[in-house]
Structures are given as structure tokens and as C-alpha cells.
Amino acid sequence: VTVTDPEDNVVVDKDGLELKDVSADRAYSFDLLKYGKYKMEYTAKEEDWFNGRKVFINYVMVMDEIAPVIRLTSDYTKTVKVGENIIIPNFEVSDNLDATENLSVDKLILNPLGRTERLPGSSNSLKASHEGMYRITIMVKDVYGNMTTVYLGVEVTK
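Residues numbered from 1 in each chain as written. Predicted model: local features only at pLDDT ≥ 70, side-chain atom pairs only at ≥ 80, totals over all residues. Heavy atoms only, no water.

Moving on, we come to the sheet that holds strand E1 (residues 2-4). In sheet architecture, strand pairing relies on hydrogen bonds along the backbone and comes in two forms, parallel and antiparallel. Spatially, the three strands line up as an open sheet ordered E1-E2-E3, and their pairing is antiparallel. The outermost strands of the open sheet, each flanked by one partner alone, are E1 and strand E3 (53-62). Pairs of neighbouring strands in the sheet enclose a mean axial angle of 15°, with direction left out of account. In terms of strand pairing, strand E2 (residues 36-45) meets E3 through 10 bridges, oriented antiparallel. Counted as the bridge partner of Ala44 is Lys54 from E3. (Pairing = 2+ DSSP bridges. Helix = DSSP H or I, 4+ residues; strand = E, 2+ residues; numbered from the N terminus. Axes fitted to C-alpha atoms, helices over the stretch in contact; angles between N-to-C directions.)

On inspection of all chains with the given rule, the structure shows eight salt bridges. In this structure, Asp5 and Lys34 form a salt bridge, with 2.7 Å as the shortest nitrogen-oxygen distance. Linking Asp5 in the loop between E1 and E2 with Lys34 in the loop between E1 and E2, this pair joins segments that are 29 residues apart in sequence. By relative accessible area, which is 10% here, Asp5 ends up buried. Under the relative-accessibility criterion, Lys34 is labelled partly exposed at 28%. (Salt bridge = Lys/Arg side-chain N within 4 Å of Asp/Glu carboxyl O. Buried < 20%, exposed > 50% of the residue type's maximum accessible area, 1.4 Å probe, protein only.)

Reported here for the largest pocket is a volume of approximately 150 Å³. Forming the walls of the largest pocket are Pro6, Glu7, Lys34, Tyr35, Gly36, Leu97, Asp98 and Tyr144. Looking at the lining of the largest pocket, its residues break down into four nonpolar, one polar and three charged. (1 Å grid on protein atoms, 1.4 Å probe; cavity = no way out; pocket = protein on both sides within 12 Å on 5 of 7 lines; lining within 4 Å. Points joined across faces, edges and corners; volume = space filled by probe spheres on them. Nonpolar A, V, L, I, M, F, W, Y, C, P; charged D, E, K, R; others polar.)

What follows concerns the side chain of Asn111. Examined against the element boundaries, Asn111 turns out to sit in the loop between strand E8 (104-110) and strand E9 (116-119). Not counting residues within four places of it along the chain, the set of residues in contact with Asn111 comprises Met133 and Tyr134. (Contact = heavy atoms within 4.5 Å.)

Under the definition given, this model contains two aromatic pairs. Residues Phe30 and Tyr38 carry aromatic rings whose centres are separated by 6.4 Å and whose planes lie at 35° to one another, so their mutual orientation is tilted. Taking the relative accessible area as the measure of exposure, Tyr38 reaches 3% and is therefore buried. Ring centres 6.3 Å apart and planes at 55° place the aromatic pair Tyr35 and Tyr144 in the tilted group. Of this pair, Tyr35 sits in the loop between E1 and E2 while Tyr144 sits in the loop between strand E11 (132-141) and strand E12 (147-157), placing them 109 residues apart in sequence. (Phe/Tyr/Trp six-rings, centres within 6.5 Å; stacked < 30°, edge-to-face > 60°.)

And the structure:
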């Protein structure tokens, strides 16, 4: 039996034994200390059976169920006129496990006609071209697929 963690490191059991090519005739206890997929590989050997060797693999997933956080760090203008810019407020994102640079962030603005504009990179504004309600969406996703979304509204008048 060989057990590896999500980073492909061999796991050490609670007695300090490295779980690499250990006998399957006893039980081993270890802590699941990392998020992701643990691999347990069992090798069975017998003469004249699958060329003398057969490998069975089981996986255990340790899931991150905590979504990232979006925190607005500035106010925003809730009413603008046609031709003015709708400005997304400043915000910070964080996660319990992932570094900020590993988080996926999207900024979208839905206009009153139903068309969505995705703002690239550091862009934080869009010119209001139609009268009505615009919806700002800020989404952040971590590497495990957890997502948080913030919706803000801006009324555009003539």
C-alpha cells in the first residue's frame, strides 16, 4: 500500500511510518491535513495473475467548502446620467486557503437592454449608453470552485 497527499507526497501515519509500499495486512491511521485528493494505491501480487501484479487505486477527497470573500473598500455612485461612466467600487478579495493571486475575479455590467459587458483586468468603469437600471456583478472563485458574487445597482437617467 502507498498513500500520497494532494501534492503527491507520501503520507506519514500517526506512528511516524512513511506509507510507501507498506503491508496491507494491518491498519494505518493518518490525518488528512491538506485539501484535495489523497491517493491510496494497493498492489496485489500473485504468480500468473495479470502478469503477476495488479494495482487498485482509491481516492479520498478533502473538500474546501468555504467560499472566498469580497469586501467593498469604497462607496460607489448609485445614479449617473447617460454618457457618464458607471464606476465599480474598489474591492478586496480573499480566501481561507488560496492566495489572492490564485483567485479568479470577474467584473460584469448588465445594461437595461440585457447585454452584459465583461470588464478586463484593472478596468473599473463603463460608459452608460442607455437609460435604466444597470447591474454590476463582481464574482470571485477559488481553485476548488467555491464562488462568491456581489450585485450592485446603478440607475442611469437622461
